[in-house]
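Residue-level listing of the chains:
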Amino acid sequence: MNLPNSRPSSLFPQTHAPISDCKFIISLYFVKNQVMSGPQCCENPPTLSSSSGHVGSVLELGGFNTYVSGPSTSKHAILLVSDVYGYEAPNLRKLADKVAAVGYYVVVPDFLHGDPYNPENTEKPLSIWIQSHRTDKGFEDAKQVVAALKDKGISAIGAAGFCWGAKVVTELAKSDNIQAAVLLHPSLVKVDDFKEVKAPIAILAAEIDKISPPELIKQFEEILSSKPEVDSVVKIFPSAKHGWTVRYNIEDKEAVQRAEEAHRDMLDWLTKHVK
């Protein structure tokens, strides 16, 4: 079903659902007009492990420890930018392996410099942690990795960002750094960001998301719809919660299915444009 005032897309159906009522008060932290939400942003933290992933390995790329999966001879690369829990999250590495299986060279750098957010560390709550892990620094770091990939002979690069990482990818999409972008349950992204986007961009959002609620996602879509020169698509997943694509319970069949649907949509978008 195509959304009103939206360009059609044959890649995946676009589904909107009503906005859920807020059931708890969100704590907000403002840093230079950036907003990071505490409770929902950090729900369902993963158990981090340096051995997460079944196919790839960790090596140095662009000055960062990076989980790498897929053929190193490929000329096409996908950069995955993590949420606040970092590059060791098991579901993120599994997704990297899934994308690599179709032939991409997939890289997941440690843009958090060995210091992912730890909700059990009461001495460093999110409002303190984010001060030393700003997305503008993440963007500068990402440009180093993009440059390193191009130095390896990569000719086309796509990027997907999750929560915190979505803002980093949005910044990359404002230039010629990448050929396609995917934002999954974005955080810190503002409406004005999309006025500057140049790369084809897909937004995969959750119905139950107090950080980027459907009403805000609709504003993103309206801006993109006014830019016919930029291929774009927006999809809101009914019943999905913020973080559902990488912080799902692998024992929950419905949660796994929702995540896998988003993974397919992400990969469809990337394969359309990164070639």
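Conventions used here
- Residues numbered from 1 in each chain as written.
- Predicted model: local features only at pLDDT ≥ 70, side-chain atom pairs only at ≥ 80, totals over all residues.
- Heavy atoms only, no water.
- Helix = DSSP H or I, 4+ residues; strand = E, 2+ residues; numbered from the N terminus.
- Buried < 20%, exposed > 50% of the residue type's maximum accessible area, 1.4 Å probe, protein only.
- Areas by Shrake-Rupley, 256 points an atom, 1.4 Å probe, with all protein chains shown as cover.
- Pairing = 2+ DSSP bridges.
- Axes fitted to C-alpha atoms, helices over the stretch in contact; angles between N-to-C directions.
- Contact = heavy atoms within 4.5 Å.
- Salt bridge = Lys/Arg side-chain N within 4 Å of Asp/Glu carboxyl O.
- pLDDT = per-residue confidence, 0-100.
- Parallel < 35°, antiparallel > 145°, perpendicular 65-115°, else oblique.
- Left-handed = near helix turned anticlockwise from the far one by under 90°.
- Nonpolar A, V, L, I, M, F, W, Y, C, P; charged D, E, K, R; others polar.

1. What to know about the overall build of the protein chain
- What the protein chain contains, in helices and strands, is 6 helices and 10 strands.
- Within the protein chain, buried positions represent 55% of all 275 residues.
- Within the structure as shown, the protein chain displays about 11,800 Å² of accessible surface, and the carbon and sulfur contribution to it stands at 50%.

2. Side note on helix α4 (residues 164-172)
- With 9 of 9 residues buried, α4 lies mostly within the body of the structure.
- Of the residues making up α4, those classed as buried are Trp 164, Gly 165, Ala 166, Lys 167, Val 168, Val 169, Thr 170, Glu 171 and Leu 172.

3. Comments concerning the sheet that holds strand β3 (residues 57-61)
- Pairing is mixed in the open sheet, where 8 strands are placed in the order β3-β4-β6-β5-β7-β8-β9-β10. On the outer flanks of this sheet lie β3 and β10 (232-241), each paired with one strand and no other. Across the sheet, the mean angle from the axis of one strand to that of its neighbour is 25°, orientation sign disregarded.
- Its contacts with the sheet put helix α1 (residues 90-100) on β3, β4 (64-69), β5 (76-81), β6 (105-109) and β7 (156-162), and the angle it makes with β4 is roughly 50°.
- Against the sheet, helix α5 (residues 214-225) makes contact with β9 (201-208) and β10, and its axis sits at roughly 160° relative to β9, the strand it touches most.

4. A few points about the pattern of salt bridges
- What the rule picks out here adds up to 16 salt bridges.
- We note a salt bridge from Lys 174 to Glu 171, for which the minimum N-O separation is 2.9 Å.
- A salt bridge links Lys 235 to Asp 265, with the nearest nitrogen and oxygen atoms 2.7 Å apart. Taken together, the positions of Lys 235 in strand β10 and Asp 265 in helix α6 (residues 253-273) put the pair 30 residues apart, joining distant regions of the chain.
- Under the relative-accessibility criterion, Lys 235 is labelled buried at 3%.

5. Some details on the confidence of the model for the protein chain
- Looking at the protein chain, the pLDDT average stands at 86 and 81% of residues meet or exceed 70.
- Here residues 1-10 is modelled with pLDDT under 50, and outside its nearest four sequence neighbours on either side it reaches 24 contacts, counting other chains as well.
- Contacts from residues 14-38, a stretch scored under 50 in pLDDT, to residues over four places away or in other chains number 68 contacts.

6. Details of the environment of Phe 237
- As for its placement among the helices and strands, Phe 237 is situated in strand β10.
- Looking at Phe 237, the relative accessible area reads 1%, which means it is buried.
- C-alpha of Phe 237 to C-alpha of Arg 258: the two residues are 21 residues apart in sequence and 7.9 Å apart in space.
- Discounting chain neighbours no more than four positions away, the residues touching Phe 237 are Leu 204, Ala 205, Ala 206, Glu 207, Trp 244, Arg 258, Glu 261, Ala 262 and Asp 265.

7. Overview of the packing of α1 against α6
- The interhelical angle for the contact between α1 and α6, taken along N-to-C directions, is 45°, at an axis separation of 11 Å. Between α1 and α6, the angle is such that the two are oblique. As α1 packs across α6, the resulting crossing turns out to be right-handed. Along the contact surface, α1 presents Leu 95, Lys 98 and Val 99, while α6 presents Glu 260, His 263, Met 266 and Leu 267.
- Along the lines of polarity and charge, the residues of the contact of α1 with α6 split into 4 nonpolar, 1 polar and 2 charged.

8. Side note on the environment of Leu 61
- Structurally, the position occupied by Leu 61 is in strand β3.
- Residue classification places Leu 61 among the buried positions, given a relative accessible area of 5%.
- For the pair Leu 61 and Val 146, spaced 85 residues apart in sequence, the C-alpha separation works out to 9.5 Å.
- When residues no more than four places from it in sequence are discounted, the contact partners of Leu 61 are Thr 66, Val 107, Val 145, Ala 148, Leu 149 and Lys 152.

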